[in-house]
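So the chains spell out like this:
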Amino acid sequence: MSAFRVVLFAGRLLGSSGSLARSSAGLSAARNRLYNDRLPSAQGVLAQAPARFCTTEEKKTPWTDVTYDELKALIKSGHVQLIDVREPEEIENTGLLPGAINIPLNKLHIYMKLPPDEFKEKFGVEKPEDNNMILHCLGGIRSRGALAITQALGHTRARHYIGGYAEWNEKQQG
């Protein structure tokens, strides 16, 4: 989305007429009307918003998202490589899931490009294959971003744990 559309869209959501956005973008009135007609109204956007936060099961997609029970079975089988994309400081306070390695989200694109031998030297494990890589974070938000990064790098079968460390810890203790 262009910067103009973002400014105009934000203006609509905030209830402004968008005239400031149009004048600062320096576009003609005809072109402004064209963009306005393509943008959804604030009411339309809000009508599509969920009434409450989704639970783990409600936000599950067919194959990219892994649930707690699925992850537990995969860890038990030993056929999975978990990658925690949280910052090292967060992990110091909470710990890692069993068998996970830490690759912070802001470095994921660098380390996933390493050759397999350099990856093993750096992290002490084999570089994960597409079908056994599961990304996670604290609550499933950053891991979804990490999933997009790994898929863009060619790991098209990578998945992510939607509950994150918070759900894992809660279910392990309870």
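The written sequence of each chain sets the order in which its residues are numbered from 1. Confidence filtering applies because this is a predicted model: local features only for residues at pLDDT of at least 70, side-chain atom pairs given and counted only at 80 or more, and all residues used for totals across whole chains, interfaces and linings. Note that the side-chain values use all heavy atoms of the structure and ignore hydrogens as well as water.

Undergrad: Lay out the sheet that holds strand 3 (residues 101–102) with the relevant residues and their values.
TA: Strand order in the open sheet made by the five strands is 1-5-4-2-3, with parallel pairing throughout. At either end of the open sheet lies a strand with only one pairing partner, and these are strand 1 (65–66) and strand 3. We treat two strands as partners when DSSP finds at least two bridges between them. Here a strand is any run of E in DSSP of at least two residues, a helix any run of H or I of at least four, and the numbering for each starts at the N terminus. Of the strand pairs in this sheet, strand 2 (residues 81–84) and strand 3 are connected by two bridges, and their pairing is parallel. Across the sheet, D84 pairs through a bridge with N102, a residue of strand 3.

Undergrad: Residues and numbers for the nonpolar core, please.
TA: Here, nonpolar core refers to any group of buried Ala, Val, Leu, Ile, Met, Phe, Trp, Tyr and Cys residues whose side-chain atoms link them within 4.5 Å. Using a 1.4 Å probe on the protein chains alone, a residue whose accessible area is under 20% of its type maximum counts as buried, one over 50% counts as exposed, and one in between counts as partly exposed. Ranked by size, the top nonpolar core spans 16 residues in total, and within it I83, V85, I103, L108, M112, F119 and L135 carry the most contacts. If you list the elements that add at least two residues to this core, you get helix 7 (108–111), helix 8 (116–123), strand 4 (133–136) and helix 9 (141–152). The residues touching F119, leaving out its near neighbours within four places in the chain, are I101, I103, Y111, M112, L114, G124, V125, E126, K127 and P128. V66, L71, L74 and L97 belong to the second largest nonpolar core, which has twelve residues in total. Here, residues are in contact when the closest pair of their heavy atoms is within 4.5 Å.

Undergrad: Tell me about the packing of aromatic side chains, and name the residues and values.
TA: Here a Phe, Tyr or Trp ring, Trp counted by its six-membered ring, pairs with any other such ring whose centre lies within 6.5 Å, and the pair is stacked when the planes are under 30 degrees apart, edge-to-face when over 60, and tilted otherwise. As enumerated under the stated definition, the model contains three aromatic pairs in all. Seen in terms of ring centroids, Y68 and W168 are 5.3 Å apart; in terms of plane orientation they differ by 55 degrees. Their pairing is tilted. Here W168 lies in helix 10 (residues 164–173) and Y68 lies in helix 5 (residues 68–77), a separation of 100 residues in the sequence. Residue Y68 is classed as buried on the basis of its relative accessible area of 8%. Between the aromatic rings of F119 and F123, the centroid separation amounts to 4.8 Å while the plane-to-plane angle is 45 degrees, which identifies the pairing as tilted. A residue pair is termed a helical-turn pair when its members lie 3 or 4 positions apart in one helix, as F119 and F123 do in helix 8 at four residues. In this structure F123 comes out as buried when scored by relative accessible area, which is 17%. An aromatic cluster is defined as three or more aromatic residues linked by ring pairs; in this entry it consists of Y111, F119 and F123. Placement of a charge over a ring requires the Lys NZ or Arg CZ to be within 6 Å of the ring centre, with the centre-to-atom vector within 35 degrees of the ring normal. Taking the ring centre of Y165 as reference, the NZ or CZ of R86 above it sits at 4.7 Å.

Undergrad: Any chance you could break down the packing of helix 5 against helix 10 for me, citing the residues and the numbers?
TA: Orientation of helix 5 relative to helix 10, taken along the N-to-C sense of each, is 80 degrees, at an axis distance of 11 Å. By the criterion of interaxial angle, the relationship of helix 5 to helix 10 is roughly perpendicular. From helix 5, Y68, L71, K72 and I75 reach across to helix 10, where they touch E167, W168, K171 and Q172. In this count, Pro and Cys sit with the nonpolar residues alongside Ala, Val, Leu, Ile, Met, Phe, Trp and Tyr, while Asp, Glu, Lys and Arg are called charged and the others, Gly among them, polar. In terms of residue class, the contact of helix 5 with helix 10 is made up of four nonpolar, one polar and three charged. All axes are obtained by fitting lines to C-alpha atoms, using only the stretch in contact for helices, and the reported angles, taken between N-to-C directions, cover 0 to 180 degrees. Angular relationships are summarised with four words: roughly parallel below 35 degrees, roughly antiparallel beyond 145, roughly perpendicular across 65 to 115, and oblique for the angles in between.

By themselves, these are just geometric observations and shouldn't be taken as functional.
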